[in-house]
Amino acid sequence: MANAEFHIHTSISWCAAPDMTPEAMQAQATRAGLSVMGFADHLWLDPRRGSRPAVPWILRLREGLARLPAGGPRHLLGAEADCAPGLGAAGGDALRQLDFVVAAYHFADVRAGLVPWPRTVEELAARVLDGFRSLLDAPAARIAGHPFFIPPSVYRRLPEAVQERLGDVFAIVALGAGRFLPLAAERGIAIELNVKALGPWSREVMLPVLRTARECGCRFALSSDAHRLDEIGRTRGLAGYLRDAGIGDRDLVTGDEFALEDERSPGTGRASGAA
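The model shown is predicted, which means the values in this text are computed figures rather than measured ones. (Residues numbered from 1 in each chain as written. Predicted model: local features only at pLDDT ≥ 70, side-chain atom pairs only at ≥ 80, totals over all residues. Heavy atoms only, no water.)

Asks: What am I meant to see in the packing of aromatic side chains here?
Replies: For any pair of aromatic rings, the description consists of the separation of the ring centres together with the inter-plane angle of the planes. Applying the stated criterion across every chain, the model contains 5 aromatic pairs. Relative to Phe258, the ring of Phe6 lies with its centre 5.4 Å away and its plane at 70°, an arrangement referred to as edge-to-face. Taken together, the residues span a long stretch of sequence, with Phe6 in strand β1 (residues 4–8) and Phe258 in the segment after α11 (239–245) at a distance of 252 residues. Of the two residues, Phe6 and Phe258, both sit in the buried class. Ring pairs connect the aromatic residues Phe6, Phe100 and Phe258, which therefore count as one cluster. In this structure, Arg203 is placed above the aromatic ring of Tyr241, and the distance from its NZ or CZ to the ring centre is 5.5 Å. (Phe/Tyr/Trp six-rings, centres within 6.5 Å; stacked < 30°, edge-to-face > 60°. Helix = DSSP H or I, 4+ residues; strand = E, 2+ residues; numbered from the N terminus. Buried < 20%, exposed > 50% of the residue type's maximum accessible area, 1.4 Å probe, protein only. Lys NZ or Arg CZ within 6 Å of the ring centre and 35° of its normal.)

As structure tokens, this is what we get:
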């Protein structure tokens, strides 16, 4: 199983622990046997969820990464950019200055009142699929973050009858995803395998979607979605699940696919620690 892990939050994300500093994170990643770390702090469309960081804040991390001791994991500097239909991507074109972008849907269009809260299985499936489609147009998107994930704050507002039929929701999603997964493969956007989003209720229902993604030629990115030091390296726990989904090492991205010089803004350079 690959030892590259993406979507790791530092302390500049308001929801991450204060000890998530580059120095402490490198030490933990080394203990966990990681060879690649992808830093991906939050960029929110909804300012009520935290106005920091912005892309310039994230870019300042390069200075800290450059001072880390040699010989540790390779570093890639990215962001988790909130995306939604009708709202675009948090960070906009400034995202192109980063090595990679984890584009993620958090139902920002629903929260903002652009579309009504889903009240039926079909409406929820439609929101999930539309949200995934919005990720594919995000500037510099390299990873579709926790695709088809329903955040707990959204789940709790769903009618009980819908909560009890999530299997039916994902049966619709599995059929509809076939329209979008080939586009993700064509654009080189990997499907994230997120330890936190693949919780007990979602693992089984997501298997058909992941198998379809592999059949469409998609690749996959391992992610701990770490907000605490002890969460770095937890992707090892996905080994059995990957086998069930038919996903092998050759299907996993390593980070060499990101930070391509011909797709970067002038003067940004490759992140420190590159092999």
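Asks: Please clarify how the confidence of the model for the protein should be interpreted in this entry.
Replies: Residues of the protein with pLDDT of at least 70 account for 91%, and the chain-wide mean is 89. Predicted confidence is poor over residues 260–275, with pLDDT under 50, and the contacts of this stretch with residues over four places away or in other chains come to 34 contacts. (pLDDT = per-residue confidence, 0-100. Contact = heavy atoms within 4.5 Å.)

Asks: What's the story with unusual backbone geometry in this structure? I'm lost.
Replies: Glycine aside, a negative phi is what most residues show, and trans is what most peptide bonds show. We note that Phe107 has phi near 65°; this positive angle belongs to a residue other than glycine. Structurally, Phe107 can be placed in the loop between β5 (100–105) and α4 (108–111). Within the chain, Asp225 stands out as a residue other than glycine whose phi angle is a positive 50°. Along the chain, Asp225 turns up in strand β8 (residues 220–226). Overall, Asp225 belongs to the buried group, its relative accessible area being 9%.

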